[in-house]
Structure formats: structure tokens, C-alpha cells
Amino acid sequence: MPRTQPPASRFRRIYQRLSTAELSAAEQDEALSLEDLGLESRREREALAFGIYSRQGLENVLREYGLIRRLQERGVGPLEVRLTFEDTFRPRILFWSHRYEAPVGDISLRKASAAEVGIPSPLEAVPLLFIDSLVLQHPGRSFDWNRPPMPGQLHPGLALSAEILEWMLLMARRVGAEGMALVPSTFAAAWVYARHFHFVDGAAQGRFVALRRAGRQWPRWLLSWAVELECIRGPGGEPVRFAPSPMLASFTRRFERLFEDKAWRSAAKEHSLAPLTLDFEALQDRFPWERMPPGSPPDAVAEVLSYDPLARGAGT
């Protein structure tokens, strides 16, 4: 089983040169007003996420990594970075598009322990950074047949999830976590995270690999809908479901050993070899045409789904 892939080298170089002052920087229009306000320090006025990041500091970081520029290149217009808190260890980060008056990125984080994602003694108290939610979207665009909607998507994505995750993995290191964890809500989401994350449970890892293999010749979006609609069958014809389960990206050797453990590897291998098949008849019956873009799908997909434009038109 491959190890967690490290963040891109360019990001690591930027990470190493960022100073504490840049990360906790005060708002530019506040720097000269502290004495007038009678405050002893900026920390009394502005909360810091994880005791490190101010709102301005987050914006500094995102500009250094080139992520604000990359987001704006997607046509979302000028962006504002917003930072709110349940508490300092549960921040919510918004990338707010003023053009669309909507978020193009919405990230909720919290500090957690390894025990919360099912990691046993002696590592149960090791700190993790947990992603409660991560949404990247373009609120001004519509889906088309080049990029149809995935399960759970309300708007097209931004094709920046890999870079955003690399930044977040470095954030986790910065705040003293030994790993980053999450629970993907859908098979499609798990596929996005799989570049950096493994399932904590070996059997869950194996089932995920088997599901990917079952539709390897089909577009990811089509397989994702087949999984969501329970159109994947096991050896006995039973439906195979995707069950949300914790995933972990590890930064330390002691966490890496979790994925080298004989029991984990054995369970992953056993479940990955399950002979799963895609039930095309069930997929045709259940396919959510009402969620799909207008017009005809690509020929190969149309054939698989027994696409009937007249029937679809009558249904709408």
C-alpha cells in the first residue's frame, strides 16, 4: 500500500520561509489604532485560529502559495478571505466571491485526537487536524457533459482540490498535528482524498479499491453515481454500498506504521480482491436524469444508459 504523498515541493519551500509574523499579521487598517483603542495587544482584539493564524495571515499565506490567484483565474472575481470561529480550535475559512455574493470555498476545521478516528493505544492521544467539511465550487457556472455533477455537488468544482489539500496538509503540520483526518460523505469525495489519505480501517480501504476497480473503464462521475445509487453488485448479486469511514493522512513514522501493520494490509488486500460488477440495468432505471445537464450525453455514456431523448423530454 503506497504511503501518503507529501505536499508539492514548491509548497514546502514556501511553508518553510513563512514567518510567524506573516501568519498572525494584523489587519492593515488596525496596525496603527491599537494604542488609541487602549488594547494591550492585538491578540485581545483578534482571535487566532489554532493560536497561529489571523484572517490577514491566512490571506498572506494563500497569496504566497498562489491560491488566491489560482482561484481568481477560475473566473470567480475578486475574493475575500473570511475567518470565523466556534472557538479558536474550530475555525471556519471562507473564500468569498463578491462577484457572486457566495462562497467558492468553505472549510471547517478542528483539533482532534487520534482516538476520535478509531486509532487505538498507544496513539489515541496524538493530535490530528480534522476536516469537518470542505466545499470548493463555482457558483456562477452550470454543469455540462464534459463535467457532469457528482453526487452531493450543487455547483461545478474548481479543479483545485489537490492544491487546496496540499496547503491544508501543511497547515496541519504548522499547528502541531501529526496527521490530518476526515470522513468522506460519498465515494466521489473519497476518490478526491485518496491521493493523500488512507482509510483507517483496512477493510474499508480494500472495499474502496474494489469499487474503483469495478468501474475502471468508465468515467469517474458515472461510477460515482453507480455507487451512490447502489448499482454495484457483489459476488452473490448483493448491492455493495459505500459506507463513510475515517481517512487519515499521516506525517509521522508512527502513523505510517498503521498502514504497514500486517492485519491492516491483510484486510485491505482481501476486500480489494472482491469481484464486483456494475449492474447496468439498475443504473439505467435509477439514473438521476433530472440532475444532469441539458442535451445528449457522450455516445458511449448514452449507450450504457440507454439514453432516450424523447423519453427524457417527456419527463421534463
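Look a little higher up for the structure.
Residues numbered from 1 in each chain as written. Predicted model: local features only at pLDDT ≥ 70, side-chain atom pairs only at ≥ 80, totals over all residues. Heavy atoms only, no water.

**Observations concerning the overall build of the protein**
Scanning the protein from terminus to terminus reveals 14 helices and nine strands. By its C-alpha atoms, the protein is 70 × 50 × 30 Å across when sized along the principal axes. With 316 residues in all, the protein has 50% of them scored as buried. By sequence separation, contacts in the protein at least 24 residues apart represent 66% of the contacts at least 6 residues apart. In the structure as shown, the protein presents an accessible area of about 15,600 Å², 49% of it carried by carbon and sulfur atoms. Side-chain charges of the protein comprise 40 positive and 39 negative groups, with the mean position of each set lying 7 Å from the other. (Helix = DSSP H or I, 4+ residues; strand = E, 2+ residues; numbered from the N terminus. Buried < 20%, exposed > 50% of the residue type's maximum accessible area, 1.4 Å probe, protein only. Contact = heavy atoms within 4.5 Å. Areas by Shrake-Rupley, 256 points an atom, 1.4 Å probe, with all protein chains shown as cover. Lys, Arg positive; Asp, Glu negative; His and termini not counted. Charge placed at Lys NZ, Arg CZ, Asp CG, Glu CD.)

**Focus: the nonpolar core**
The biggest cluster of nonpolar side chains holds 84 residues, and the ones touching the most others in it are Y65, I93, I164, W167, M171 and I232. The dominant element in this core, judged by the number of residues it contributes, is helix 6 (residues 161–174), at eight residues. In contact with Y65, other than residues within four places in its own chain, are R10, F11, I14, Y15, L18, W167 and L170. (Core = buried A, V, L, I, M, F, W, Y, C linked by side-chain atoms within 4.5 Å.)

**Comments concerning the layout of surface pockets**
One number sums up the size of the largest pocket: a volume of about 1,000 Å³. L134, L136, Q153, A189 and V192 are the residues nearest the centre of the largest pocket, which is lined by 38 residues in total. Elements supplying a minimum of two residues to the lining of the largest pocket: strand 4 (127–136), helix 6, helix 7 (187–193) and helix 9 (220–228). Per element, the largest residue contribution to the lining of the largest pocket is six residues, and it comes from strand 4. Partitioned by chemical class, the residues of the lining of the largest pocket number 24 nonpolar, 10 polar and four charged. (1 Å grid on protein atoms, 1.4 Å probe; cavity = no way out; pocket = protein on both sides within 12 Å on 5 of 7 lines; lining within 4 Å. Points joined across faces, edges and corners; volume = space filled by probe spheres on them. Nonpolar A, V, L, I, M, F, W, Y, C, P; charged D, E, K, R; others polar.)

**Concerning a positive patch on the surface**
A cluster of like positive charges, contributed by R10, R12, R13 and R173, occupies part of the molecular surface. Secondary-structure assignment places R12 in helix 1 (residues 9–17). Residue classification places R12 among the partly exposed residues on the basis of a relative accessible area of 33%. (Patch = residues over 30% accessible without salt bridge, like charges linked within 9 Å, V, L, I, M, F, W, Y side chains within 5 Å. Salt bridge = Lys/Arg side-chain N within 4 Å of Asp/Glu carboxyl O.)

**What to know about unusual backbone geometry**
With an omega of 10°, the peptide bond running from S121 to P122 counts as cis. With respect to the helices and strands, P122 occurs in the loop between strand 3 (102–113) and strand 4. Positive phi, close to 50°, is recorded for E101, a residue that is not glycine. One can find E101 in the loop between strand 2 (91–97) and strand 3. Positive phi is not limited to glycine here, since S306 has a value of about 50°. Looking at the secondary structure, you find S306 in the loop between helix 13 (299–304) and helix 14 (309–315). Judged by its relative accessible area of 47%, S306 falls in the partly exposed class.

**Description of the pairing of strand 3**
With respect to burial, strand 3 is a largely interior element, nine of its 12 residues being buried. With antiparallel pairing between neighbouring strands as the criterion, strand 2 and strand 3 make up a hairpin whose turn holds four residues, including E101 at a positive phi of roughly 50°. Direction of pairing for strand 3 relative to strand 4: antiparallel, over a ladder of nine bridges. When the sheet's bridge partners are listed, S113 is paired in strand 4 with P127. (Pairing = 2+ DSSP bridges.)

**Description of the side chain of E59**
Looking at where E59 falls in the secondary structure, it is placed in helix 4 (residues 55–64). Looking at E59, the relative accessible area reads 14%, which means it is buried. Discounting residues that sit within four places of it in the chain, E59 has contacts with I68 and V81.

**Description of the sheet that holds strand 6 (residues 198–199)**
Pairing is mixed in the open sheet, where seven strands are placed in the order 1-2-3-4-5-8-6. The sheet terminates laterally at strand 1 (79–85) and strand 6, the two strands that pair on one side only. Judged from the seven bridges that link them, strand 1 and strand 2 form a sheet pairing that is antiparallel. Counterpart to T84 in the pairing with strand 2 is R92.

**Some points on the environment of L109**
Assignment of secondary structure puts L109 in strand 3. On the basis of relative accessible area, L109 is assigned to the buried category, the value being 2%. Linking L109 and A181, residues 72 residues apart in sequence, is a C-alpha distance of 10.0 Å. Sequence-distant contacts of L109, defined by excluding residues within four places in its chain, comprise F50, F89, R90, P91, I93, L129, F130, I131, M168 and M171.

**Some thoughts on helix 8 (residues 202–214)**
In an α-helix there are 3.6 residues to a turn, and that puts residues three or four apart on one side. For helix 8, with 13 residues, the first-to-last C-alpha span of 19 Å sits near the 18 Å given by 1.5 Å per residue. Residues of helix 8 that are buried: G202, A203, A204, Q205, G206, F208, A210, L211 and A214. In this fold, the buried residues of helix 8 make contact with helix 7, strand 6, helix 9, strand 7 (232–233) and helix 11 (262–272). (Expected span 1.5 Å × (residues − 1).)

Function cannot be read off these values alone, since they describe shape.
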